[in-house]
Amino acid sequence: KNQVEQSPQSLIILEGKNCTLQCNYTVSPFSNLRWYKQDTGRGPVSLTIMTFSENTKSNGRYTATLDADTKQSSLHITASQLSDSASYICVVSVVSGTYKYIFGTGTRLKVLA
Amino acid sequence: DSGVTQTPKHLITATGQRVTLRCSPRSGDLSVYWYQQSLDQGLQFLIHYYNGEERAKGNILERFSAQQFPDLHSELNLSSLELGDSALYFCASSPTGTSGMHEQYFGPGTRLTVT
């Protein structure tokens, strides 16, 4: 069964600290993996998109890694800011004839001053 | 602001009713995607249209249908509504019709409450 699992479910850190969010997937055949940031009540915003051949991709203070062999991805946030408080969602695309998106349930991050 | 617009912002209706949600993609984008986000299920992909044609289907119920019009706006029709259909419905758009590396730009969503 195609599944995307994220951990931790929620995380609280102090402003200025780093953190790493995890995403494990059992999806096949894999097309690409995306990380989104979603503020409460708003639409998700894309942070990174990676294919199976990419190991690392950065977007400012956000760095995503992908290990296609172990089917794991991580999102590292450096020098966190209060505005980083949001849900972070991992999405894997499946390609089989047509395609579909499998969403993780997200990690809710809260950054405290 | 992503450039994707959705109307209405909020919708309250009763069980058994039918509603239509509307989405206008970013200028120049040919693809429209619909997603449902409920509290207990997270985000789920419903359906994708490219230039008026259905491209991919996700977990869309038979009571739901969508279409994309020649001016590229899209509508999601939800009928015989049930309490469990209460959710945020997002529309996203992208320039092309593939599931490749193109970003999807999400609209602000329509919050549907079924009472």
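Residues numbered from 1 in each chain as written. Chains lettered and ligands numbered in written order. Predicted model: local features only at pLDDT ≥ 70, side-chain atom pairs only at ≥ 80, totals over all residues. Heavy atoms only, no water.

### So, the interface of chain A and chain B
Our working definition: Contact between two residues is taken to exist if any of their heavy atoms lie within 4.5 Å; hydrogens are not considered. Values labelled buried area give the accessible surface lost by two parts on being combined, using a 1.4 Å probe and summing over both. Think of a salt bridge as a Lys or Arg side-chain nitrogen and an Asp or Glu carboxyl oxygen that are within 4 Å of each other. Think of a polar contact as two N or O atoms within 3.5 Å of one another; within protein, one of them needs to be a possible hydrogen donor and the other a possible acceptor, and neighboring residues in sequence only count if both atoms come from side chains. A run of DSSP states H or I qualifies as a helix once it reaches four residues; a run of E qualifies as a strand once it reaches two. Both are numbered from the N-terminal end. Residue type decides the class: Asp, Glu, Lys and Arg count as charged, Ala, Val, Leu, Ile, Met, Phe, Trp, Tyr, Cys and Pro as nonpolar, and the leftover types, Gly among them, as polar.
Of the residues lining the interface, 23 residues belong to chain A; the matching set on chain B comes to 22 residues. Between chain A and chain B, a total of about 1700 Å² is buried, with carbon and sulfur atoms accounting for 58% of that surface. Among the residues of chain A in contact with chain B, Y99, Y101 and F103 of chain A are the three that bury the most area, contributing 34% of the side total. At the junction of chain A and chain B, the tally comes to 0 salt bridges. Joining chain A to chain B, the criterion identifies 2 residue pairs in polar contact (both at pLDDT 80 or more). Only β4 (30-38), β5 (45-51), β9 (86-96) and β10 (98-103) of chain A provide two or more residues apiece to the side of chain A that touches chain B. Of the residues belonging to the side of chain A that touches chain B, the class tally is 9 nonpolar, 9 polar and 5 charged.

### A closer look at the state of the cysteines
A covalent bond between the sulfur atoms of two cysteines is referred to as a disulfide. Note the cut-off: In what follows, a disulfide is any cysteine sulfur pair within 2.5 Å. Accessible area is worked out with a 1.4 Å probe on protein chains only. A residue is then buried under 20% of its type maximum, exposed over 50%, and partly exposed in between.
This structure, assessed with the given rule, holds 2 disulfides over all chains. Covalent S-S linkage joins C23 of chain A and C90 of chain A, the inter-sulfur distance amounting to 2.0 Å. One quick way to see it: the torsion about the S-S bond of C23 of chain A and C90 of chain A is about -65 degrees, and its sign makes the bridge left-handed. With C23 of chain A in strand β3 (residues 19-25) and C90 of chain A in strand β9, the pair connects residues that are 67 residues apart, well separated along the chain. For the pair formed by C23 of chain A and C90 of chain A, the shared burial category is buried. Here C23 of chain B is linked by a disulfide to C91 of chain B, with a sulfur-sulfur distance of 1.7 Å. Residue C23 of chain B is located in strand β3 (residues 19-24), and its partner C91 of chain B is located in strand β9 (residues 87-94); the two are separated by 68 residues in the primary sequence. Given the relative accessible area of 0%, C23 of chain B is considered buried. In this model C19 of chain A remains outside any disulfide bridge; the closest cysteine sulfur is found in C23 of chain A, 15 Å from its own.

### Thoughts on the sheet that holds strand β1 (residues 5-7) of chain B
Residues and elements named next belong to chain B. Put simply, the rule reads: Strands were regarded as paired on the criterion that DSSP finds at least two bridges between them. Lines fitted to C-alpha atoms define the axes, with helix axes restricted to the stretch in contact, and inter-axis angles between N-to-C directions lie between 0 and 180 degrees.
Pairing in this open sheet of 4 strands is antiparallel, and the strands run β1-β3-β8-β7 from one edge to the other. One side of each edge strand has no neighbouring strand; the edge strands of this open sheet are β1 and β7 (64-68). With strand direction ignored, the average angle separating the axes of adjacent strands in the sheet is 15 degrees.

### Some thoughts on the sheet that holds β3 of chain A
All names here are of chain A. Strand order in the open sheet made by the 5 strands is β1-β3-β8-β7-β6, with antiparallel pairing throughout. The sheet is open, and its two borders are formed by β1 (4-7) and β6 (56-59), each paired with just one other strand. Looking at each pair of strands side by side, their axes are set apart by 15 degrees on average, direction ignored. Taken together, the 6 bridges between β3 and strand β8 (residues 72-77) define a ladder with antiparallel strand orientation. Bridged to C23 within β8 is S73.

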